Structure formats: structure tokens, C-alpha cells
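Coordinate inspection notes
Here is what each chain is made of, one letter per residue.
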Amino acid sequence: MKKYDVLVVGGGIYGITAAVELAQRRYSVGLINPDTIPHHLAASTDVTKAVRMEYGSDREYFQMVELAIGKWLEWNDLFREKLYHEVGFLMLCKDKIESDRHTFEKHSYKNLLEAGYAPDRLDADGIKRRFPAVNTAEYIDASFNAKAGYVESGLAVQKLAEYARTLGVAIHEGQTAESLVVTKGVLQGVKTKEGETFQCGHALLAAGVHTPLLLPELQPYMRTTGHPVFWLRPKDITNFVPPKFSVFTADISNSGWYGFPFLHKQGIVKIAKHSNGKGIHPDDDDRQITDVEVADMRSFVKMTFPELIDAPLVYTRRCLYIDTLDGHFWIDNHPEIKGLSISTGGSGHGLKMGPLLGPMAADVIEGRSHQFSKRHRWRHLTGTTDQVEEARYVVNRKL
């Protein structure tokens, strides 16, 4: 079997963007993935992922998404298909944005203004006129940023895989990484459960929730958590179609709830929860959504979007995050194994940064620093480490 300059392990958003970038830099690239791409259980394989610059007081993530949005628009043109839908982002607040309850919304709104954007500030009357599905007895203040939206995530991974093939990337589906071949501290290749050995000069481990299983030394720093996703089918879609509806958060740092406008391809409104999640083993544990979680969703819908109270629940999914304890990416070279790099740690925000992930991983492989690489280096975390993403509803800031 051919020896690749770089073997990418994993065909999700981390792996496929890295494969594309490395091929564009003239490396011979192979990629292995346990199933077809997109994999039906991968975190990036879903119908939508939110794209928002709003990251509370975190200016670096703000800048990252700002750059990523420009690249998503370029990819829309490159693939001649709308992967990124700029339908806007609505932050719903139960109190004034400036209140102590809404520090995420307050800092996000301030950062947008300071960066020269013009988000619309809406009081209860303004919300009701613009977004009539919202219960303004509960939500009295809001910010709407038109420079945001969502990506058709599974479709994006599919298109990137097709593009990678045109660049010469050899994609091996149905090959599940099982172990690394390391001789005297130097990586030689990757063995798969299917009995193949893929030789390479360098390997990039971008296996999502399976990354710390393949590399146990990462396990103290990472957790796999499962988060509920719900598809509702509105009886009347009028008030759930843009511009009357957009990507939204609803008091998210205190509730975890967010969602998307009506998706015509699936005929649904998707709602999900961004919080601690449920600790889960990616292979051994049940991914089913519980009755308690469904009841929690129904309670949220009744309070927030009364028109969806009786909407049929047509599908549920548990989206798996590979969480670093601090909530930041983990994109770096292994400190002890030469020829091994890691790109993982999405913590729920990987897809929106998708266009930046490939160049970051490629720079690391080449031994160079990326503009945003410093905070995502190999680091020591402990049980006292706080999860710092301000949008996420995390009890005591600990995962």
C-alpha cells in the first residue's frame, strides 16, 4: 500500500478540511474513516450547525468566526451550492441585555458594535413585529445580527470530501483506526480494525470523540458528552420561515436552548440544548433521548414559541461533543511522538470554525504557528479547570 506524506484519521469537519488544505499544499494525502463520509453518527453529520460571531467577551473566537463567515461565502461560490445560509442570529433575553443575567448577550452585543457591525436592538414590541412566533411575555429584549446564520453541516462535509478527491486525496472509507504504529518515538503508520496498515510520514488524528480512545494520554483532558436535538414539524410554517424566524438563542447561558428556522428539505424546525450534556461512551452507551429530555423541550417550547406546542416530534438525535475541560480546541503536535498531530476538541463549536480548522492543522504539521494556534496547543488541564464558553449553560462551569 502507498505511503502517504500525511495520513488523516477521520473524515469529519476537522479531518476533511485538513485533507483539503494539505492537498492544496502539494502533499500526498490519505484519509481513513470508519464508514461513508459523512458518517451517520459523526458530530458534524447533522442538517445544520449555527454560525455566529457572538461569543460573549471572547474576542478571539469572535474574530475566528468573522473570518470563517467570509470563507463559508467563498465555499458557497466554489461548490455552486448554498452551504451557508445567512439568515441572521437572534439573541432573546428575559431581562435587559445589560443586566447581570445576560453577560453573554451584553458582551456579544458590545463586541458587534465595536467591530462596526449594526445589530438591531429589539424591545418586546419590536420582537413581536419582526419575529411573531416569539412569546414576548417572556422575552423582552433582543439583539438581531444579520451577519450570521447556519451551515448545512452534513452537506458541507460531503462537498468537501468530493472536492478533496478532485485534489488527489485518497479517501479510504470503511477503515477504522485501531492503533498507532510507533517505533522509537516516531510514528510509522496506523493500523485499522479491518486489518490494514496505512504507512505515512506524518499522521493527523482528527477522529472526534474517538480521539482520546486512540490516544489515552488525552483522556484526562477531554470528555465525550451527548446533547439532545429535536425536530419539530410545525402545523403552520408562516412564522418560522426567514425573515420572520432565524437562528436563535433563548436566554442560552441560563437555559442552553437554541435552534433554527424552518428547514424546507426536512420540513422541520430544529431545536437543541447547549449545556453540560450527558457523559457518554461513543461506542458502548445508548444515545437515545430520554422522556425527561423531551418533556424539558416541550416545556421550553410552550414558554418560548406557543405555536409549536402541539407540533409533532418527528426525530431526535444525541449530538456528541468531544469536550476539552476548558472548552478550547486541541490542535497541536504530540509532545513525545514525532510525526503525530492532533486536531480535535470541538466542544460544540467546531463546525462554525470549519474553514479555519484545516489551515490550523496544516500549519501545525509544518511546524509553524497559526494566527489562532496559541490557546489550542497541548496543555495540562485538571478537574478544577473551568469550561469558559459564555454561551453554554454549564453548571458551576465544570464538565
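First things first, this report covers the structure right here in the doc. All values derive from a computational prediction rather than experimental measurement. (Residues numbered from 1 in each chain as written. Predicted model: local features only at pLDDT ≥ 70, side-chain atom pairs only at ≥ 80, totals over all residues. Heavy atoms only, no water.)

Our focus in this paragraph is the overall build of the chain. Along the backbone of the chain there are 9 helices and 20 strands. Computed over C-alpha atoms, the radius of gyration of the chain comes to 21 Å, within 12% of the 21 Å expected from 2.2 N^0.38 for 399 residues, which places it in the range of a compact globule. Each of the three principal axes of the chain carries a C-alpha extent, and together these read 65 × 40 × 40 Å. Buried positions account for 57% of the 399 residues belonging to the chain. If you take every contact in the chain between residues at least 6 apart in sequence, the share linking residues at least 24 apart comes to 72%. In the chain, which carries 48 positive and 49 negative side-chain charges, the distance between the mean positions of the two groups comes to 2 Å. (Helix = DSSP H or I, 4+ residues; strand = E, 2+ residues; numbered from the N terminus. Rg over C-alpha atoms; globule rule 2.2 N^0.38 Å. Buried < 20%, exposed > 50% of the residue type's maximum accessible area, 1.4 Å probe, protein only. Contact = heavy atoms within 4.5 Å. Lys, Arg positive; Asp, Glu negative; His and termini not counted. Charge placed at Lys NZ, Arg CZ, Asp CG, Glu CD.)

Looking at the secondary structure, you find Val269 in strand β16 (residues 269-273). Of the residues examined, Val269 reaches a relative accessible area of 0% and is grouped as buried. Along the sequence, Val269 and Glu105 sit 164 residues apart, while their C-alpha atoms lie 23 Å from each other. Here Val269 is in contact with Phe230, Trp231, Leu232, Pro234, Phe240, Phe260, Phe262 and Leu308, once residues within four sequence places are set aside.

With that settled, the discussion passes to helix α3 (residues 103-114). Spanning 12 residues, α3 covers 16 Å between terminal C-alpha atoms, matching the ideal 16 Å at 1.5 Å per step. For α3, the elements touching its buried residues are α2 (59-79), β5 (89-93), β6 (120-123), β7 (141-145) and α7 (252-255). After α3 finishes, the residue Gly116 shows a positive phi value of roughly 95 degrees. (Expected span 1.5 Å × (residues − 1).)

This part covers the pairing of strand β13 (residues 222-232). Burial of β13 is extensive: 10 of the 11 residues sit out of reach of the surface. Strand direction decides the pairing type here: β13 and strand β18 (residues 313-324), joined by 11 bridges, are antiparallel. Counted as the bridge partner of Thr225 is Tyr321 from β18. Where β13 meets strand β17 (residues 278-279), 2 bridges bridge the pair, whose relative direction is antiparallel. Its bridge partner lying in β17, Thr225 is registered against Gly279. (Pairing = 2+ DSSP bridges.)

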